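The primary structure of each chain is shown beneath.
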Amino acid sequence: MERIKNKKVIIIIAVVLVVLIIGTIIGFKTYNYLKSNKYKLKKLGYNEKEISTVLKMDKEKLETILSLEYNEHIIPLFQEKYFILSNLNKYLNYKDKNKKVDYNEVVTLINVGADKDWYEEPIKTDMSKEYLILVNKYNYLEEGYKPDDLVNMGLQFAFQGKQIRSEVYEAFKKLVKTAKLENLTIVANSTFRTYEYQNGLYNRYKNDYGKEYADNYAARPGYSEHQTGLSIDVSTLSSTMDNFEQTEEFNWLQEHAHEYGFILRYPKDKEHITGYKYESWHYRYVGIETATKIHELGITFDEYYAYFLEK
Ligand SMILES: [Zn+2]
């Protein structure tokens, strides 16, 4: 009798223990789930597929997404290669107003400031970037700016009376000499230009053909990259700038310019980013390291600047 009673007690205790353990496990799991990012994302309104995408992102991105209200554009924007977190609100506003523009384009336009019209809200160029300063239709140089290390270029490298910054000249000389070994002749046609020169050029266009034409074909004074002393328009001895693209010299530059620190500044089909029509002849010095990176990434200097130098 006594032994049967003991057995019953043991069974009851065992059952109670099992229930307690299972209960604890379930409770613990539920508690963990409610605290999980997965649950938080679900509550914000993300679906399973979106949640698994977000959970693979780095901590900073994940925490930002958790702190924001649901928006269908957030995840695709975050997945863009050149996404900049501090631009998120601008991306969202722009996408809202321009639904047909794809995410890649939204990120690019906002990063380089090309969501605005040329010259709309110009910023003074950050001169601390030295050889990597950005001068375009959104970033301008001071009126009196003139590099203090301009040198005269020799006639085997340039047409008469051309000046360029000394480091650029050294790089350009190497480039010209190497090209020469392959019987190619590259000559500097237009190099450093003063503010005053650009002012005259722009006003001449404006007076003759109107403001719109002038803005399409010449930079306003202060907005020309030629004022930096870092840009060179090239040609061969027989070509003009306009048919430079058809020359062997152009093909050679496509492959080798970066090895000397130069990039093609206004590539084909990038006018909406650079603000300039394709110019096969305009090369910008940025140093070998940066030129090589830009060459490999296949992006414009404006995009590179926004993502790698300004961010
Ligand atoms: Zn040029």
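Residues numbered from 1 in each chain as written. Predicted model: local features only at pLDDT ≥ 70, side-chain atom pairs only at ≥ 80, totals over all residues. Heavy atoms only, no water.

Caption draft 1: A look at the overall build of the protein chain. Secondary structure assignment for the protein chain yields 14 helices and 8 strands. Relative to a compact globule of 311 residues, whose C-alpha radius of gyration would be 19 Å, the protein chain shows 30 Å and is clearly more extended. Reported as C-alpha extents along the three principal axes, the dimensions of the protein chain are approximately 120 × 45 × 35 Å. The buried share of the protein chain, taken over its 311 residues, is 44%. Split by element, the accessible area of the protein chain, about 18,000 Å² in all, is 52% carbon and sulfur. The centroid of the 43 positive side-chain charges in the protein chain is displaced by 11 Å from the centroid of its 45 negative side-chain charges. (Helix = DSSP H or I, 4+ residues; strand = E, 2+ residues; numbered from the N terminus. Rg over C-alpha atoms; globule rule 2.2 N^0.38 Å. Buried < 20%, exposed > 50% of the residue type's maximum accessible area, 1.4 Å probe, protein only. Areas by Shrake-Rupley, 256 points an atom, 1.4 Å probe, with all protein chains shown as cover. Lys, Arg positive; Asp, Glu negative; His and termini not counted. Charge placed at Lys NZ, Arg CZ, Asp CG, Glu CD.)

Caption draft 2: Fine view of the packing of aromatic side chains. Taken as a whole, this structure holds 20 aromatic pairs when the rule is applied. Aromatic pair F172 and F262: ring centres 6.1 Å apart, planes at 75 degrees, arrangement edge-to-face. In this pair, F172 sits in helix α8 (residues 166-181) while F262 sits in strand β7 (residues 262-266), placing the two residues 90 residues apart along the sequence. Here the two residues F172 and F262 agree in accessibility, since each one is buried. Each member of the aromatic cluster is reached from another via a ring pair, and the members are Y82, Y304, Y307 and F308. Over the ring of W118 we find K137; its NZ or CZ atom is 3.7 Å from the centre of that ring. R220 extends its terminal NZ or CZ atom over the ring of Y119, reaching a point 3.9 Å from the ring centre. (Phe/Tyr/Trp six-rings, centres within 6.5 Å; stacked < 30°, edge-to-face > 60°. Lys NZ or Arg CZ within 6 Å of the ring centre and 35° of its normal.)

Caption draft 3: The arrangement of the domain arrangement of the protein chain in detail. Per the domain assignment, the segments of the protein chain are domain 1 (81-115) and domain 2 (123-310). Relative to domain 2, the C-alpha centre of domain 1 lies at a distance of 27 Å. Counting from both sides, the interface comprises 11 residues of domain 1 and, opposite them, 11 residues of domain 2. Three residues stand out in domain 1 for area buried against domain 2, namely Y82, T108 and V112, and they jointly supply 52% of the buried area on that side. On inspection of domain 1 and its partner domain 2, the count reaches 0 salt bridges. (Domains from an automatic or database assignment. Contact = heavy atoms within 4.5 Å. Buried area = accessible area lost by both parts, 1.4 Å probe. Salt bridge = Lys/Arg side-chain N within 4 Å of Asp/Glu carboxyl O.)

Caption draft 4: Representation of unusual backbone geometry within the structure. The phi angle at N183 is positive, at roughly 65 degrees, despite the residue not being glycine. Relative to the helices and strands, N183 is located in the loop between α8 and β5 (187-190). On the basis of relative accessibility, which here comes to 72%, the residue N183 falls in the exposed class. The residue D269 is not glycine, and still its phi comes out positive at about 65 degrees. Within the secondary structure, D269 is located in the loop between β7 and α12 (271-274).

Caption draft 5: Inspection of a negative patch on the surface at higher detail. A cluster of acidic side chains, namely D115, D117, E120 and E121, defines a negative patch on the protein surface. Within the secondary structure, E121 sits in the loop between α7 (103-112) and β1 (123-124). (Patch = residues over 30% accessible without salt bridge, like charges linked within 9 Å, V, L, I, M, F, W, Y side chains within 5 Å.)

Caption draft 6: Region of interest: α7. In terms of burial, α7 is largely enclosed, as 7 of its 10 residues are buried. Looking only at α7, the buried set comprises V106, V107, T108, L109, I110, N111 and V112. Where α7 is buried, its residues touch α5 (74-78), α6 (88-97), α12 and α14 (301-310).

Caption draft 7: Seen up close, the environment of E130. If you trace the backbone, E130 turns up in the loop between β1 and β2 (139-140). Residue classification places E130 among the exposed positions, given a relative accessible area of 53%. C-alpha of E130 to C-alpha of T228: the two residues are 98 residues apart in sequence and 9.8 Å apart in space.

Caption draft 8: Structural context of the side chain of D149. Looking at where D149 falls in the secondary structure, it is placed in the loop between β2 and β3 (150-152). Among the polar contacts listed, one links the side chain of D149 to the side chain of R165, at a separation of 2.9 Å. Leave out the neighbours within four places in its chain, and D149 touches Y131, I164, R165 and S166. (Polar contact = N/O pair within 3.5 Å; in protein donor to acceptor, adjacent residues only side chain to side chain.)

Caption draft 9: Layout of the coordination of the zinc ion. Around the zinc ion, the protein supplies H226 (NE2), D233 (OD), D233 (OD) and H282 (ND1) as donor atoms, at distances of 2.1 to 2.7 Å. Metal-centred angles of 53 to 149 degrees between the 4 donor atoms at the zinc ion mark the site as irregular. As a motif over one chain, the donors of the zinc ion read H-x6-D-x48-H. Taking relative accessible area as the criterion, H226 reaches 4% and is therefore assigned buried. When its relative accessible area of 3% is taken as the criterion, D233 is described as buried. (Donors = N, O, S within 2.8 Å, 3.2 Å for Na, K, Ca; no water. Tetrahedral: all angles 85-135°; square planar, octahedral: opposite > 155°, others 65-115°.)

Caption draft 10: A look at the pattern of salt bridges. Evaluated as defined, the whole model comprises 11 salt bridges. Taking the shortest distance from any N to any O, the salt bridge between K129 and D126 comes out at 2.8 Å. With a relative accessible area of 33%, D126 lands in the partly exposed category. Salt-bridge contacts for E225 lead to R265; the nearest nitrogen and oxygen are separated by 2.7 Å. Taken together, the positions of E225 in the loop between α10 (211-217) and β6 (231-235) and R265 in strand β7 put the pair 40 residues apart, joining distant regions of the chain. Salt bridges here are not isolated pairs; linked through shared partners, they connect E225, R265, R284 and D302.

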